[in-house]
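Remarks on the overall topology
Now for the letters of each chain:
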Amino acid sequence: MRIGVLSLQGDVSEHLQMFARLGVSAMEVASPGELSHIDGLVIPGGESTTIYMLAESSGLFEPMTQMIKEGMPVFGTCAGAVLLARRILDGRADQRSCEAMDIAVRRNGFGRQIASFEADLDISVIDKGGAPLRAVFIRAPIVESVGPEVETLATYKDSALTEPTPVLLKQGTMLASSFHPELSNDTRLHQFFVEMVKEGSS
Ligand code: GLN
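Computed from a predicted model, the values in this text were never measured in an experiment. (Residues numbered from 1 in each chain as written. Predicted model: local features only at pLDDT ≥ 70, side-chain atom pairs only at ≥ 80, totals over all residues. Heavy atoms only, no water.)

Some points on the nonpolar core
- Counting 34 residues, the largest nonpolar core has Phe 137, Phe 179 and Phe 193 as its most contacted members.
- Sorting the residues of this core by element identifies β1 (3–6), α1 (12–21), β7 (116–121), β8 (133–138), β10 (151–156), β11 (165–171) and α6 (188–201) as the ones contributing at least two each.
- Here this core gets 6 residues from one element, more than from any other, and that element is α6. (Core = buried A, V, L, I, M, F, W, Y, C linked by side-chain atoms within 4.5 Å. Buried < 20%, exposed > 50% of the residue type's maximum accessible area, 1.4 Å probe, protein only. Helix = DSSP H or I, 4+ residues; strand = E, 2+ residues; numbered from the N terminus.)

What follows is the structure in structure tokens.
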């Protein structure tokens with residue numbers, strides 16, 4: 001089993017380090033041919049407009065989108081979640097997404113005044129009675145709507161928000177977080193994705 005990390009822009013090395021710490025084989029994916037060597041894909045945090053444009057110009061966008069829709073496990077973090085979304089709000093006019101996960105996300109939706117923050121999240125699928133996960137949010141997208149097939153695995157709420165907002169979502173073989181699990185020391189969410197990939201390749 002091998003996991004690919006889309007290596008066009010963003011937190012690529014941080015994701016690779018997480019898999020190295022877990023003893024899981026991982027490789028950079030920067031060209032279409034490399035997609036045939038992987039069982040699951042991470043789309044990292046970074047800048048979704050840049051990642052989209054580079055995916056398009058490298059010829060990765062269409063085959064990657066097709067493989068995701070055919071059930072290759074995928075984990076999109078922050079900008080990666082934007083790329084998975086069915087609909088992008090406040091996107092650039094020429095920005096596209098894979099339209100794979102039934103969520104609508106608003107780019108930079110937490111607003112400038114709280115552009116970056118950290119929060120402890122309770123995530124029952126990984127914490128098993130243990131500690132919450134320290135989540136790093138950087139100019140994060142807000143998930144504004146969630147389709148019926150999407151499970152919300154964690155929410156975040158602060159005084160600026162009237163309702164808890166979903167920040168970790170799963171739809172079948174797709175996982176998306178509006179925060180950056182690759183920027184903490186906690187490997188539990190990467191381990192959770194590894195289990196999804198193992199299930200997908202068995
Ligand atoms: N705001 C960025 C975007 O829309 C995402 C930020 C991030 O990945 N930290 O692409």
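Side note on the layout of surface pockets
- By volume, the largest pocket amounts to about 190 Å³.
- Lining the largest pocket are 13 residues, and of these Gly 46, Glu 47, Asn 108, Ile 138 and Arg 139 lie nearest its centre.
- Taken together, the residues that form the lining of the largest pocket break down as 6 nonpolar, 4 polar and 3 charged. (1 Å grid on protein atoms, 1.4 Å probe; cavity = no way out; pocket = protein on both sides within 12 Å on 5 of 7 lines; lining within 4 Å. Points joined across faces, edges and corners; volume = space filled by probe spheres on them. Nonpolar A, V, L, I, M, F, W, Y, C, P; charged D, E, K, R; others polar.)

Focus on the site of the ligand
- By nearness alone, every residue bordering the ligand is listed as Gly 45, Gly 46, Glu 47, Ser 48, Cys 78, Ala 79, Arg 107, Asn 108, Ile 138, Arg 139 and His 180.
- With respect to the ligand, the side chain of His 180 contributes an N or O atom lying 2.8 Å from a nitrogen atom.
- When atom positions are compared with the pocket grids, the ligand is found to occupy the largest pocket.
- The residue makeup of the shell around the ligand, split by class, is 3 nonpolar, 5 polar and 3 charged. (Near = heavy atom within 4 Å. Polar contact = N/O pair within 3.5 Å; in protein donor to acceptor, adjacent residues only side chain to side chain. Sits in = over half its atoms within 2 Å of the grid points.)

Comments concerning the side chain of Ser 177
- With respect to the helices, strands and loops of the structure, Ser 177 is situated in strand β12 (residues 174–177).
- Among residues more than four places away in sequence, those in contact with Ser 177 are Phe 75, Gly 76, Thr 77, Cys 78, Ala 81, Val 167 and Leu 168. (Contact = heavy atoms within 4.5 Å.)

Description of α1
- Among the residues of α1, Val 12, His 15, Leu 16, Met 18 and Phe 19 are the ones counted as buried. Taken down its axis, α1 places every buried residue within 155° of arc, on the same side. When the buried face of α1 is taken as reference, the exposed residues oriented beyond 90 degrees from it are Gln 17, Ala 20 and Arg 21.
- Positive phi shows up at Gly 23, right after α1, with a value of about 70°. (Arc of directions from axis to C-beta.)

Some words on the pattern of salt bridges
- In total, this model carries 11 salt bridges according to the counting rule given.
- Across the salt bridge formed by Glu 144 and Arg 106, the nearest N and O atoms sit 2.7 Å from each other. Within this pair, whereas Glu 144 is found in strand β9 (residues 142–146), its partner Arg 106 is found in strand β6 (residues 101–106), the two being separated by 38 residues in sequence.
- Residue Glu 144 is classed as partly exposed on the basis of its relative accessible area, which comes to 43%.
- Residue Asp 120 pairs with Arg 134 through a salt bridge whose shortest N-O separation is 3.2 Å. With Asp 120 in strand β7 and Arg 134 in strand β8, this pair connects stretches of sequence that are 14 residues apart.
- A network of salt bridges, in which partner residues are shared, links Glu 56, Glu 62 and Arg 96. (Salt bridge = Lys/Arg side-chain N within 4 Å of Asp/Glu carboxyl O.)

Some details on the sheet that holds β10
- Strand order across the open sheet formed by 7 strands is β2-β1-β3-β4-β12-β11-β10, with mixed pairing between neighbours. Lying at the two open borders of the sheet, with one neighbouring strand each, are β2 (26–29) and β10. Shown here is a sheet whose adjacent strand axes are inclined to one another by a mean of 20°, direction ignored.
- Looking at chain direction, strand β3 (residues 40–43) and strand β4 (residues 74–77) are connected through 3 bridges and run parallel. The residue of β4 that forms the bridge with Ile 43 is Gly 76.
- Together, β1, β3, β4 and β12 form the strand contacts of helix α3 (residues 61–69), whose direction differs from that of β3 by roughly 120°. (Pairing = 2+ DSSP bridges. Axes fitted to C-alpha atoms, helices over the stretch in contact; angles between N-to-C directions.)

Here's the deal with the side chain of Asp 158
- In this fold, Asp 158 is placed in the loop between β10 and β11.
- Despite its burial, Asp 158 pairs with no opposite charge, the nearest such side chain being Lys 157 at 5.9 Å.
- Here the side chain of Asp 158 touches Tyr 156 through a polar contact of 3.0 Å, side chain to side chain. (Lys, Arg positive; Asp, Glu negative; His and termini not counted.)

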